[in-house]
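Remarks on the overall topology
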Amino acid sequence: MPLSLRLAFRYLFSPNKGSFSSTASWLAIGGLSIGITALMLTASIIQGFQQVISEKLSSFEGQGRIQHMLGNQMDLSNPKLDSLIQSNSGSFSPFVRGVCMVRAGANADGVLIEGVESLPRAISDDQNNKLNPGEIVLGHGLANELKVQKGDKVYLQVFSSIQKSSFSRHIKPVIVKDIFYSGLQEYDKTLAYIHLDDARNLFGFDNNSVSGLILNHANISAIREQISYPYFYESWRDRHALLFEWIDLQRWPAYIMFGLIALVGIVNIIAAIAMIITEKSGQIGILMAQGSHRSTLKRIFMIQGGFIGLMGGIIGGLLSMAIIWIQLKFEILKIPAEIYFMDQIPFSFDFPAFGLILIITFIFCMIASWWPTKSVTTLNPAEALRYE
């Protein structure tokens, strides 16, 4: 083993009880571990929040939707739409959307109705996604407001029809088939699903008319080229663009804020190595008197700083991944669903970000360990050995 490496490990794992060099090194490792843990958890939460939101929104909205630019009905017999549907068979699901009032006994609330042939994957799996006429699926928050359960009857009431110029009242009774819970209050409190034909009848649509088409498992780039005026394509991400802009806006301030904690750990390395050099100045003087080159002596402390960075990264990384695994497994850390888009703190194993954090931290640790070693080049062996 090279002399510089052997001495570096000796200072780290000093056999002398209460050795300052060993204590300072392990304190620096502990401080750096805490900083890296905080930074990796921050990256994990931001990535996890974006993943959870993306998964939930895409599972409700599909890959995207084709609608009329003016919000008018879309006639599926239109040659443009018919050609588009025929060339991409199986990729489209028609839907009818409208607003009405839902009533159950003395309780009533406004609701956004979406008429579909099959429920979105956020609510049910492929084997149980069919919705029959006369059935409705309510959000958890809306069901609580109405105080209804599965099997109860509710009434949908529309006060005007798209096709009728005169005021009319249309009431339709439906049975609650299921109640879904997504953790997204925007959906749980305001959204309900009924069969496509029921929605057409409720809102006065023709048998071949819809509000739009939902895309699933489609070649988006090819479909975009086929869409022309007066229709447009809107992805689920475009529909919620402000939300993702907000996430991106919060990303870097969070990284900077928690990165400062890791920076404090790196500063501790500078202080620890500077004090170790001061403590070991007598031993350094002896090595210099025996002919050791100054670059070899500097390498000792740079190896020590690199080892502190490596150990801090490993401990911090393992600690953060343990916390992430515990949260994903047991969902211990809860947050209010009324304020956020979910009911628990989201974590994600963002390995590219973790690797980047560890690499940057190690580089800064090497720079931090190099800075105090400059004093070795100015050390006078005679002065260092005067009191030895």
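Details of the structure are given in the entry above.
Described in the following lines is the structure provided in the data block. (Residues numbered from 1 in each chain as written. Predicted model: local features only at pLDDT ≥ 70, side-chain atom pairs only at ≥ 80, totals over all residues. Heavy atoms only, no water.)

1. Section: the pattern of salt bridges
For the coordinates displayed, the defined rule picks out 12 salt bridges. Two residues, Asp 248 and Arg 251, come together in a salt bridge whose shortest N-O distance is 3.7 Å. In this pair, Asp 248 and Arg 251 are both assigned in helix α9 (residues 241-279), 3 residues apart and thus about one turn of the helix distant. For Asp 248, a relative accessible area of 38% translates into the label partly exposed. The buried category is assigned to Arg 251, whose relative accessible area is 15%. Taken together, the shared-partner salt bridges connect Glu 61, Arg 65, Arg 97, Glu 114, Glu 234 and Arg 239 into one network. (Salt bridge = Lys/Arg side-chain N within 4 Å of Asp/Glu carboxyl O. Helix = DSSP H or I, 4+ residues; strand = E, 2+ residues; numbered from the N terminus. Buried < 20%, exposed > 50% of the residue type's maximum accessible area, 1.4 Å probe, protein only.)

2. Considering the side chain of Glu 114
On the secondary structure map, Glu 114 appears in strand β4 (residues 107-116). Of the residues examined, Glu 114 reaches a relative accessible area of 1% and is grouped as buried.

3. Some words on the pairing of strand β1 (residues 64-68)
The element β1 is largely enclosed, with a buried count of 5 among its 5 residues. Summarising the sheet, β1 and strand β10 (residues 212-215) pair through 4 bridges and their orientation is antiparallel. Counted as the bridge partner of Gln 67 is Gly 212 from β10. In this structure, β1 lies alongside strand β11 (residues 231-235), joined through 5 bridges in antiparallel fashion. Bridge assignment links His 68 to a residue of β11, and that residue is Tyr 231. (Pairing = 2+ DSSP bridges.)

4. A look at the side chain of Glu 61
Counting through the fold element by element, Glu 61 comes out in helix α2 (residues 20-61). A relative accessible area of 4% places Glu 61 in the buried class. Only 2.8 Å separates the side chain of Glu 61 from the side chain of Tyr 187, close enough to count as a polar contact. Apart from the residues within four sequence positions on either side, Glu 61 is in contact with Tyr 187, Ile 214, Trp 236, Arg 239 and His 240. (Polar contact = N/O pair within 3.5 Å; in protein donor to acceptor, adjacent residues only side chain to side chain. Contact = heavy atoms within 4.5 Å.)

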